[in-house]
Amino acid sequence: MPFTAPFAPVSDSCSEESAPLPVLGRDVRVPLVTGGEVTYGALDYAASAPALQRVWDDVAAYAPYSGSVHRGAGHLSQLSTDLFEQSRRTVAEFLGCREGDQVVFTRATTDSLNLLAAALPSGTRVFVFETEHHASLLPWRAHEVTYLDAPRSPEQAVATLESALHAAPAGPKLVCVTGASNVTGEVWPVRELARAAHRHGARLVLDAAQLAPHRPVRLTELEADWVAFSGHKLYAPFGAGVLAGRADWLCAAEPYLAGGGASRRVARAADGGVDVEWHTTAARHEAGSPNVIGAYAVASACRALAEAGFERLVAREEELLARLVGGLAELPEVRVLSLFGADADRVGVVSFVVEGWNSSHLAAALSAEYGIGVRDGLFCAHPLLRTLLGQRGDAPAECGESAGEAPASNAVRVSFGAGTPDEHVDRFVAAVRELVRDGARWTYRTEGGRCVPEPAG
């Protein structure tokens, strides 16, 4: 009989229909180079989202009861084991897993996709668009890889994949595709791509790192074979991720890591070595002491988002997105980056460049003068950014140097989610407008590859 936890998941205290979900750090104050301080405007959710207060409270309630998972006969070990496996079931339900699918806990999306890459049958050919984040672009290099050019519409994405799969030789095939771009926020036609893959005998793995925090991700509805995502983007930043989906290739592969927990039986062999019988469950790829707190945090976040209701979260996000994009559209110097066009469906991720500004300079000024945190650079998606920017070189301009007539060498990314107050978006738009109109109020320099404000005095 499963143990009953002596603690209960904490209820979300936010009941207002249009209010953001409570997150850690929402009241943090940061200093400004111009004097004084301001509440931090956290607009870098695409890199790491702040933890939901609900997740933090759940983990804090469990922490005194933590024990060694799958390793002990004591009460706390048994309780932790039950909690770990219940977390697996919660994630499976959140993802709409099919009967027989496995949920493997990993460290993050990158770890999940490298695990799957190591589990591919010999001779597998992988198809991946150049638009992918490096986490889903790079793990496949030990296999035959077909890199596909960036499509300019969802329909072109499907047609490009169909053509590539049709021309491919017989044998196992895997398609890797993002659910929502970490650069443009644009939502990809996952179901249509999965159906195209299946028509040609291929399988599809979905990188849902940017999609899962913003939209429902259901394997049965999207018809994907696997899905990977990170807890730290799903409001549970405790070093855990998930790979969920079909069990056959995972069960047939050598364990991702060899060690305790992955092995069912180990014995000395007649030749003096050791014989190993590996688990055929998800434990096969979870060697070592499991990150039970990380797994529980992911499960807590899944529960919190499901209970908050994606319909409400999506509606509120679309309102914020309209205010953000509408505000930037009023500035002729700003160019929002897009593959699919202005009318594309997108989540709360927007990247842009500003005429006459080095993006690192703009991001530094937003932080130092307005207390707003955004991301600048190439966002671990270098091929995509170079395509969008028409950029060929690798070296960005020096901090404060005008881009002039040359193509921009990097971009600014603003991203938000379920915990973002309206004020953060409005303050960001006002700050960009002021910087574009009046310029920075402070002097900046390049230091260690970063743009930083000159010390006062």
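Owing to the predicted nature of the structure, the values given are computational and were not obtained by experimental measurement.

Q: What am I meant to see in the side chain of Ser112 here?
A: If you trace the backbone, Ser112 turns up in helix α3 (residues 109-119). Given a relative accessible area of 0%, Ser112 falls into the buried group. Reaching out from Ser112, the side chain makes a polar contact with the side chain of Thr106 at a distance of 2.7 Å.

Q: Mind showing me how you'd approach helix α10 (residues 310-329) here?
A: Residue pairs three or four apart in sequence face the same way in an α-helix, which turns once every 3.6 residues. Look at α10: 27 Å from first C-alpha to last across 20 residues, which is about the 28 Å you get at 1.5 Å a residue. Residues of α10 that are buried: Phe310, Arg312, Leu313, Val314, Arg316, Glu317, Leu320, Leu321, Leu324, Gly327 and Leu328.

Q: Whenever I open this one, the sheet that holds strand β13 (residues 334-336) confuses me. Can you help?
A: Backbone hydrogen bonds are what pair the strands of a sheet, in a parallel or an antiparallel way. Overall, antiparallel pairing links the four strands, which are arranged β13-β14-β17-β16 in an open sheet. Each of the sheet's edge strands pairs with one partner strand only, and the pair in question is β13 and β16 (375-377). Across the sheet, the axes of successive neighbouring strands diverge by a mean angle of 30°, strand direction being ignored. Both strand β14 (residues 349-354) and strand β17 (residues 411-415) contribute to a ladder of four bridges, which runs antiparallel. Residue pairing in the sheet places Val349 in a bridge with Ser415 of β17.

Q: Just to check I follow, could you spell out the state of the cysteines for this structure?
A: Two cysteines joined by a covalent bond between their sulfur atoms form a disulfide. Evaluation of the coordinates by the stated rule reveals zero disulfides. Sulfur of Cys176: no disulfide; nearest cysteine sulfur belongs to Cys380 and is 15 Å away. Residue Cys251 stays outside any disulfide, its sulfur separated by 14 Å from that of Cys97, the closest cysteine.

Q: Quick question: what am I supposed to make of the sheet that holds strand β4 (residues 102-106) here?
A: Taken together, seven strands build an open sheet; the order of strands is β4-β10-β9-β8-β7-β5-β6 and the sheet is mixed. A single partner strand is all that each edge strand has here, and the edge strands are β4 and β6 (144-148). Averaged over all pairs of adjacent strands, the angle between their axes in this sheet comes to 20°, without regard to strand direction. The sheet contact formed by strand β5 (residues 125-129) and β6 spans five bridges and is parallel. What sits directly across from Val126, in β6, is Val145. Across the sheet, α3 touches β4, β7 (173-178), β8 (203-207), β9 (226-230) and β10 (241-245), and the angle it forms with β9 is around 150°.

Reading guide: rules and limits
Residues numbered from 1 in each chain as written. Predicted model: local features only at pLDDT ≥ 70, side-chain atom pairs only at ≥ 80, totals over all residues. Heavy atoms only, no water. Helix = DSSP H or I, 4+ residues; strand = E, 2+ residues; numbered from the N terminus. Buried < 20%, exposed > 50% of the residue type's maximum accessible area, 1.4 Å probe, protein only. Polar contact = N/O pair within 3.5 Å; in protein donor to acceptor, adjacent residues only side chain to side chain. Expected span 1.5 Å × (residues − 1). Pairing = 2+ DSSP bridges. Axes fitted to C-alpha atoms, helices over the stretch in contact; angles between N-to-C directions. Disulfide = S-S within 2.5 Å. Contact = heavy atoms within 4.5 Å.

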